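Observations on the three-dimensional arrangement
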Amino acid sequence: MKIEQVENYQEMSKYACDAIIDKVNSLQNPVLGLATGSTPEGVYNYLREENRNNRVTFRDTCTFNLDEYVGLAGDNPNSYRYYMNDRLFNHIDIPKQQTFIPNGKATDLSKECREYEQLLEDNQEIDLQILGLGLNGHIGFNEPGTSFKTRTHVVDLALSTREANARFFDSIEEVPNQAITMGIETIMNSKQILLLVSGERKAKALDQLLHGEVSEEFPASILKTHDNVKIIADKAALSKVRV
Ligand SMILES: N[C@@H]1[C@@H](O)[C@H](O)[C@@H](COP(=O)(O)O)O[C@@H]1O
């Protein structure tokens, strides 16, 4: 894992935006893996701007999101489909049919997971995956204890994750108990991964990632075994990292 130290959230966002643009501009049919949450919002703002300024086009890009809440339809403002349309897809030149997110309203969730994996395979896997870091080390919605061998699957969300995400909902009761997420093996299949970590809130988790052992109890630790991962971390996120 390489680590790129940046000053603050804006610099992290700009760095990731530039990396995405370089990737998209260097491939004929790029496949991007995208994340939700607060962390990548700045990246999406920059991408919108760069698309507007014709520095990049997404006409031939396909995107796959990491996860979606079970039970939320795409028009629910708390669904990740809504988030992605609202923050990025509605504002860039990507054809909507090239943007994939698991369907949280699927009647057969196992089938939905299998089909998502198939779609990824059909698209030759992800060229560049953007990841955020959960406070408990989760990636996507793969909670501590998830097997490193998982493919896209349905997960029960940890209470701490539901609490961490409750800020987007009216109350914690409204946060779904389950989600569909790419599995850890699915994420590890990406050719390149950028892990974005910003703010003091993430400092303990980042320290654990850098100094802890590779263990299913801390899902992000698997990234240490991937040969093309870069962490982009700001000063605040690095503030508790032991040297
Ligand atoms: N499922 C999402 C992840 O994809 C995200 O990367 C992570 C961090 O979220 P945030 O960026 O809001 O801190 O937790 C959420 O639960």
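Definitions and limits used
Residues numbered from 1 in each chain as written. Predicted model: local features only at pLDDT ≥ 70, side-chain atom pairs only at ≥ 80, totals over all residues. UniProt positions renumbered as here; feature names shortened; annotations may be inferred. Helix = DSSP H or I, 4+ residues; strand = E, 2+ residues; numbered from the N terminus. Buried ≥ 20, exposed ≤ 12 C-beta atoms within 10 Å, placed from the backbone. Contact = placed C-beta atoms within 7 Å. Pairing = 2+ DSSP bridges. Axes fitted to C-alpha atoms, helices over the stretch in contact; angles between N-to-C directions.

- The protein chain has the name Glucosamine-6-phosphate deaminase in an unreviewed UniProt entry, where Sediminibacillus albus is given as its organism.
- Checking UniProt for the protein chain, the heading Catalytic activity (unreviewed entry) contains the comment "alpha-D-glucosamine 6-phosphate + H2O = beta-D-fructose 6-phosphate + NH4(+)".
- What UniProt states about the protein chain under its Pathway (unreviewed entry) heading is, verbatim, "Amino-sugar metabolism; N-acetylneuraminate degradation; D-fructose 6-phosphate from N-acetylneuraminate: step 5/5."

Observations regarding the UniProt feature "active site" (unreviewed entry) in the protein chain
- The positions UniProt marks with the feature "active site" (unreviewed entry) are Asp67, Asn136, His138 and Glu143.
- Its place among the elements puts Asp67 in strand β4 (residues 67-69).
- With 22 C-beta atoms counted inside 10 Å, the residue Asp67 sits in the buried group.
- The topology assignment puts Glu143 in the loop between β6 (128-132) and β7 (153-156).
- Beyond its immediate chain neighbours, meaning those up to four positions away, Glu143 contacts Asn136, His138, Val155, Leu157, Ala158 and Thr161.

A look at the sheet that holds β4
- The sheet built from three strands is open, its strands ordered β4-β8-β7 with antiparallel pairing. On the outer flanks of this sheet lie β4 and β7, each paired with one strand and no other. Averaged over all pairs of adjacent strands, the angle between their axes in this sheet comes to 25°, without regard to strand direction.
- As paired elements, β4 and strand β8 (residues 178-181) share three bridges and run antiparallel to each other. Looking at the pairing, Tyr69 lines up with Ala179 of β8.

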